[in-house]
Each structure stands twice: as structure tokens, then as C-alpha cells.
Amino acid sequence: SQQGEEDPQALSIQEGENATMNCSYKTSINNLQWYRQNSGRGLVHLILIRSNEREKHSGRLRVTLDTSKKSSSLLITASRAADTASYFCATDAATQGGSEKLVFGKGTKLTVNP
Amino acid sequence: EPEVTQTPSHQVTQMGQEVILRCVPISNHLYFYWYRQILGQKVEFLVSFYNNEISEKSEIFDDQFSVERPDGSNFTLKIRSTKLEDSAMYFCASQEIRNEKLFFGSGTQLSVL
């Protein structure tokens, strides 16, 4: 299975603190993406990092990718109550003529307390 | 920003009934997907669709499931004879370029009684 697996499963922090979520996967990838899901809603794309990139920033988000360890981390700095959501990593398979699909992990449920 | 729209937002049906879930992907997108999420669990891939045919499907997507793009804008998922275990949130997604980000709809919550 190429599935990404996030840890921790749940994370509770205070507003203003940083939140770090990790993702591990099993196969070679073209890219790794992070998505956010508010309770009962659709997934929203946050950031995409390609297999030849090691770090990427977008606003308060910082993503790292270590292809040798098959792992990624998502850091949210200066968290806000509005960041409360589930966060998923998703990977595609870098195979010749391979899959187009993204495979999602189980997610990290982040709670930011005011 | 353009959106993927899904209807209905909620669907309640009796076991054994047929349901059709509808999606309008973003107009210039070429790749279309259905995913589902059972309450509290991970988002599972069902099927991908490109160039008017299924390009990949998962083990979940058995003979009871089918997809169509009947008129060049709508993208539908049909479940012929629903089972209790089909109860889930079903998400449609579209993608402009392969291996780029997906745009998801808000989902259809399907409840099979």
C-alpha cells in the first residue's frame, strides 16, 4: 500500500503555539499534498510538494519532504482557533503509466484552543 | 474561485434502492474522481475518470457502482442496489492537470436505512 499515514492521530494545542503533523508513506511518489477538512465538509488543498523539493512555505504553513525516509511534515505556525480541523496527507504513485489517484492517510485531528 | 458542486447534500434511501449522486466539476478540468469517507475514517478512493472512460477503480467500486459523464458537464456516481455499508460521505473531485491538486466538492452524505 502506498498510503500516507499521519501522526499523531490527534493534537490539541493552545492558540499561538505551533502544530506539527507528520506523514509517512511507502512507495516512490511524484508529489505529496496536504489537505484540510473541517468537520463534515469537503477537503481543501493546502500545499503540494514535489519529490525533488525538500521544503515549501505558504503563509503560516511549512512543509518538508524527506524522500529517503519517505516522510513529510506539516508545520502550522502561530496557530489560531480557526485552524481547528483534520489534516490529511495524500500521495500519488510514481510509476510508469501509473496511477492518477491520490491516496489519503487517516488524518490528524487538530484542535486549537482559544 | 471556481468550485466543484455536488447535489444533493444529503440523501436518505432504503437498502436495495438505486441512488445517483451528482457532481459538476470545474469546467476546464480533465480528470474526475469519486472518493468516499465513512464517518470518522479515512478518505477512500473509488474511481477515476478521464477522456470519457474509467481510468482506475478500487476494490470498493464493484459491479453495483457506475459513473457517467452524460453531457460534458455533469459527472454522476450511481449505486444500483444500496447496502447498509454504503452509508458514507461521497466526495467528487476534479483536477486540471494530472498529478496536481484536486478540487473537492462539499460532499453528499448518503444514509442507507
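Everything here concerns the structure above.
Reference entry: report on the structure contained in this document. (Residues numbered from 1 in each chain as written. Chains lettered and ligands numbered in written order. Predicted model: local features only at pLDDT ≥ 70, side-chain atom pairs only at ≥ 80, totals over all residues. Heavy atoms only, no water.)

1. Some words on the state of the cysteines
Chemically, a disulfide is nothing more than a covalent bond linking the sulfur atoms of two cysteines. Residue and element names in this part refer to chain A. Counted by the stated rule, this structure contains 2 disulfides over all chains. Two residues, Cys23 and Cys89, share a disulfide whose sulfurs are 2.0 Å apart. An S-S torsion of about 65 degrees defines the bridge between Cys23 and Cys89 as right-handed. Placement of Cys23 in strand 3 (residues 19-24) and of Cys89 in strand 9 (residues 85-91) is noted, with a sequence separation of 66 residues between them. In terms of burial, Cys23 and Cys89 fall into one category: buried. (Disulfide = S-S within 2.5 Å. Helix = DSSP H or I, 4+ residues; strand = E, 2+ residues; numbered from the N terminus. Buried < 20%, exposed > 50% of the residue type's maximum accessible area, 1.4 Å probe, protein only.)

2. Brief notes about the environment of Pro114(A)
All names here are of chain A. Examined against the element boundaries, Pro114 turns out to sit in the segment after strand 11 (108-113). Sequence separation between Pro114 and Gly16 is 98 residues, and the spatial gap between their C-alpha atoms is 8.8 Å. Residues contacting Pro114, with those up to four places away along its chain left out, are Gln14 and Glu15. (Contact = heavy atoms within 4.5 Å.)

3. Comments concerning the interface of chain B and chain A
Where the parts come together, the accessible area they lose is often given as the size of the interface. If you look at the interface, chain B gives 20 residues, while chain A gives 24 residues. Area buried by chain B at its contact with chain A is led by Lys42(B), Arg98(B) and Asn99(B), which between them contribute 29% of it. Residues Lys101(A) and Glu56(B) are paired through a salt bridge, measuring 2.7 Å at the closest nitrogen-oxygen approach. Applying the counting criterion to the chain B and chain A interface returns 7 residue pairs in polar contact (both at pLDDT 80 or more). Sorting the residues of the side of chain B that touches chain A by element identifies strand 4 (31-37), strand 5 (43-50), strand 6 (53-57) and strand 9 (88-95) of chain B as the ones contributing at least two each. Per-element tally for the side of chain B that touches chain A: the top contributor is strand 4 of chain B, with 4 residues. Across the side of chain B that touches chain A, the residue classes tally to 9 nonpolar, 6 polar and 5 charged. (Buried area = accessible area lost by both parts, 1.4 Å probe. Salt bridge = Lys/Arg side-chain N within 4 Å of Asp/Glu carboxyl O. Polar contact = N/O pair within 3.5 Å; in protein donor to acceptor, adjacent residues only side chain to side chain. Nonpolar A, V, L, I, M, F, W, Y, C, P; charged D, E, K, R; others polar.)

Nothing here speaks to function; it is geometry throughout.
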